[in-house]
Amino acid sequence: MVAPTAKEKKMGALSRRAALALGLGTAAALAADPARATPGEADEAIGKFTGGKAAEPGPITIDLPEIAENGTAVPLTVTVESPMTASDRITDVLVVADGNPNPRVATFRFTPMSGRAEVATRIRLNATENVIVVARTGDGRFFTARKEVKVTIGGCGG
Amino acid sequence: MAEKPRIKVPKEAKKGEVVEIKTLLAHPMESGLRKDDAGALVPRKIINRFTCEFNGALAFACELEPAIAANPYFQFTVRLEESGTFRFTWIDDDGTAIMADETITVA
């Protein structure tokens with residue numbers, strides 16, 4: 001290889017810098033929106049709730065619109081099929097939205113007085129993402145279900 | 001927080017009936033992610049916990065994150081065996097507790 005002239009060296013440096021800048025820019029553009037949680041964060045929130053136990057698909061109904069035009073108040077109803085007796089009931093339900101800046105949404109605590117393991121509220125969704133529900137039974141088993149919602153205008157930031 | 005929470009509880013129920021309860025509190029649920037006109041982050045201030053007790057026993061509770069929409073709304077159920085009083089409590093990040101009571105006759 002011929003030794004590069006001073007001019008070529010300079011150009012090389014410039015183009016390397018340009019390439020680097022371009023690369024960084026592209027990487028930044030490709031990297032997930034910083035306001036969006038990584039899938040790992042959602043998994044971490046779920047793992048904390050289950051104590052690392054695996055959650056199996058279960059009798060959970062997630063009622064959410066397919067498309068939410070406005071992410072600032074998306075109606076959500078979660079129903080877990082359960083007799084809700086003192087010995088056989090759902091005790092806790094975790095709701096996670098995997099594309100929100102903080103994936104945790106809420107944890108609902110049911111009691112033997114609850115009658116039904118059902119709750120409705122309105123949530124903020126940042127973008128098109130999955131709403132994941134994990135339910136804990138009184139005897140320490142975990143059920144899960146998820147639903148994707150397409151969000152037109154995010155409801156978490158500015 | 002002068003505004004009274006809006007609560008829907010039936011006036012009466014049969015013994016053993018599962019009644020539906022709806023609550024709504026006027027509150028901005030400031031997420032801590034929003035910027036004001038000057039571009040500064042508005043500090044987080046949300047209702048982080050809501051509970052419903054019936055005659056002193058916990059009937060329903062939840063821990064909330066900023067992903068709960070402004071004016072937090074909850075609909076849930078309680079099975080009733082006796083007449084009594086519901087006590088609803090909303091806990092703000094600043095430590096304030098907003099409380100409201102509703103009575104129901106169970107026959």
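Computed from a predicted model, the values in this text were never measured in an experiment.

Definitions and limits used
- Sequence order sets the numbering: in each chain, residues are counted from 1 along the sequence as written.
- Lettering for chains starts from A, numbering for ligands starts from 1, and both go in the order in which the items are written.
- Only residues with pLDDT of at least 70 get local features here, since the model is predicted, and only at 80 or more are side-chain atom pairs given and counted; chain-wide, interface and lining totals rely on the full set of residues.
- Just so you know, side-chain values use all the structure's heavy atoms and leave hydrogens and water out.
- Secondary structure elements follow DSSP: runs of H or I of four or more residues count as helices, runs of E of two or more count as strands, with numbering from the N terminus.
- The span you would expect from a helix comes to 1.5 Å times its residue count less one.
- Relative accessibility decides the category of a residue: with a 1.4 Å probe and only protein chains considered, values under 20% of the type maximum give buried, values over 50% give exposed, and everything between is partly exposed.
- The directions considered for the arc run from the helix axis to the C-beta atoms.
- Salt bridges are identified by distance alone: a Lys or Arg side-chain nitrogen within 4 Å of an Asp or Glu carboxyl oxygen.
- In what follows, a contact means two residues having at least one pair of non-hydrogen atoms within 4.5 Å.
- In this description, buried area is defined as the sum, over both parts, of the accessible area (probe of 1.4 Å) that is lost when the two are combined.
- Each polar contact in these results corresponds to two N or O atoms within 3.5 Å; when the atoms are within protein, one needs to be able to donate a hydrogen and the other to accept it, and residues that are neighboring in sequence are counted only if both atoms are side-chain atoms.
- At least two DSSP bridges between two strands are required for those strands to pair.

With respect to helix H2 (residues 39-50) of chain A
Residues and elements named next belong to chain A. The end-to-end C-alpha separation of H2 is 16 Å, in line with the 16 Å expected for 12 residues at 1.5 Å each. Every buried residue of H2 is accounted for by Ala42, Ala45, Ile46, Phe49 and Thr50. Angularly, the buried residues of H2 cover 130° about the axis, an arc narrow enough to put them on a single face. Exposed positions of H2 whose direction lies more than 90 degrees from the buried face are Glu44 and Lys48. In the segment just after H2, Gly51 is the residue with positive phi, at about 65°.

Quick word on the pattern of salt bridges
What the rule picks out here adds up to 15 salt bridges over all chains. Across the salt bridge formed by Asp92(A) and Arg109(A), the nearest N and O atoms sit 2.6 Å from each other. Of the two residues, Asp92(A) sits in strand E5 (residues 90-97) while Arg109(A) sits in strand E6 (residues 104-110), which places them 17 residues apart along the sequence. Exposure remark for Arg109(A): the relative accessible area of 25% places this residue in the partly exposed category. The shortest N-O distance in the salt bridge between Glu63(B) and Arg109(A) comes to 2.4 Å. Of this pair, Glu63(B) sits in strand E5 (residues 57-64) while Arg109(A) sits in strand E6, which puts the two residues in different chains. Residue class for Glu63(B) comes out partly exposed when judged on its relative accessible area of 22%. Beyond isolated ion pairs, a larger network of salt bridges with shared partners links Asp92(A), Arg109(A), Arg136(A), Arg49(B) and Glu63(B).

A few points about the interface of chain A and chain B
For an interface, size is often stated in terms of accessible area lost upon the parts coming together. Every contact between the two is made by 30 residues of chain A and, on the other side, 32 residues of chain B. Of the roughly 2500 Å² buried where chain A meets chain B, counting both sides, 49% is carbon and sulfur surface. Among the residues chain A hides against chain B, the three largest losses belong to Met113(A), Arg122(A) and Arg124(A). Together they make up 29% of the total. Where chain A touches chain B, the interface holds three salt bridges. Applying the counting rule to chain A against chain B returns 18 residue pairs in polar contact (both at pLDDT 80 or more). Taken together, the elements giving at least two residues each to the side of chain A that touches chain B come down to E6 and strand E7 (117-123) of chain A. Looking at the side of chain A that touches chain B, the element that brings in the most residues is E6(A), giving seven residues. The pairing of E6(A) with E5(B) spans five bridges and is antiparallel. Within E5(B), the residue paired with Phe108(A) across the bridge is Cys62(B).

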